[in-house]
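# Per-entry structural report
The residues making up each chain are set out below.
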Amino acid sequence: MRNITELRQRLSRETKARCIWITPPAVDEQQVAGHWGLARFGVGFRNQNLARVAGIVRDFDGQAIDAFSHLGTPPRCEFLMGDGLHLTMAGQKQLALEVIKGWSILA
């Protein structure tokens, strides 16, 4: 929460940008844990933690697109690459659609 608060404060102090935040999407925890490259470097993600971050982003001022909820927990398998973390082209298209829908509501 501290990091997100700091980012929001800096943006409001140092820019005139209007920001709409996007929550992090969920991951496939088993795929992340079993991926050779991620596991090798101790990289791990838990949806429980990502849900907390998503909640923090959503709760600030309502100006957020909720990718965590919209893409599912975990996202459908066709939305995630083999590492369980990064979005495929289909996942990116779905996220872009959610951003467009969210932008039209929040703008």
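Please refer to the structure placed before this passage.
The sections below set out a description of the structure shown in this document. The structure displayed is predicted, hence computed values, not measured ones.

### Comments concerning the pattern of salt bridges
Counted under the stated rule, the structure contains 4 salt bridges. Between arginine 10 and glutamate 6 there is a salt bridge; the shortest N-O distance is 2.8 Å. A residue pair is termed a helical-turn pair when its members lie 3 or 4 positions apart in one helix, as arginine 10 and glutamate 6 do in helix H1 (residues 2–14) at 4 residues. Ionic pairing is found between arginine 58 and aspartate 66, a salt bridge with its closest N-O pair at 3.1 Å.

### Concerning the packing of aromatic side chains
All chains considered together, the criterion is met by 0 aromatic pairs. Positioned above the aromatic ring of tryptophan 103, the side-chain terminus of arginine 18 is 5.9 Å from the ring centre.

### Here we look at unusual backbone geometry
Backbone torsion omega between threonine 73 and proline 74 reads -10°, so that peptide bond is classified as cis. Within the element layout of this structure, proline 74 appears in the loop between helix H5 (67–71) and helix H6 (89–106).

### With respect to helix H4 (residues 47–61)
Along its 15 residues, H4 runs 23 Å from first to last C-alpha, staying within 8% of the 21 Å computed at 1.5 Å per residue. Taken as a whole, H4 has its buried residues at Asn47, Leu50, Ala54, Gly55, Ile56 and Val57. For H4, the elements touching its buried residues are H1, strand S1 (21–22), helix H2 (29–34), strand S2 (64–65) and H5.

### A look at the packing of H1 against H4
It is the contact of H1 with H4, at a shortest axis distance of 10 Å, that shows an interaxial angle of 40°. One element, H1, and the other, H4, form an angle in the oblique class. The crossing of H1 and H4 is right-handed. Here Ile4, Thr5 and Arg8 of H1 come into contact with H4, specifically with Val53, Ile56, Val57, Phe60 and Asp61. Looking at the contact of H1 with H4 residue by residue, the classes come out as 5 nonpolar, 1 polar and 2 charged.

Thresholds, definitions, all that
Residues numbered from 1 in each chain as written. Predicted model: local features only at pLDDT ≥ 70, side-chain atom pairs only at ≥ 80, totals over all residues. Heavy atoms only, no water. Salt bridge = Lys/Arg side-chain N within 4 Å of Asp/Glu carboxyl O. Helix = DSSP H or I, 4+ residues; strand = E, 2+ residues; numbered from the N terminus. Phe/Tyr/Trp six-rings, centres within 6.5 Å; stacked < 30°, edge-to-face > 60°. Lys NZ or Arg CZ within 6 Å of the ring centre and 35° of its normal. Expected span 1.5 Å × (residues − 1). Buried < 20%, exposed > 50% of the residue type's maximum accessible area, 1.4 Å probe, protein only. Contact = heavy atoms within 4.5 Å. Axes fitted to C-alpha atoms, helices over the stretch in contact; angles between N-to-C directions. Parallel < 35°, antiparallel > 145°, perpendicular 65-115°, else oblique. Left-handed = near helix turned anticlockwise from the far one by under 90°. Nonpolar A, V, L, I, M, F, W, Y, C, P; charged D, E, K, R; others polar.

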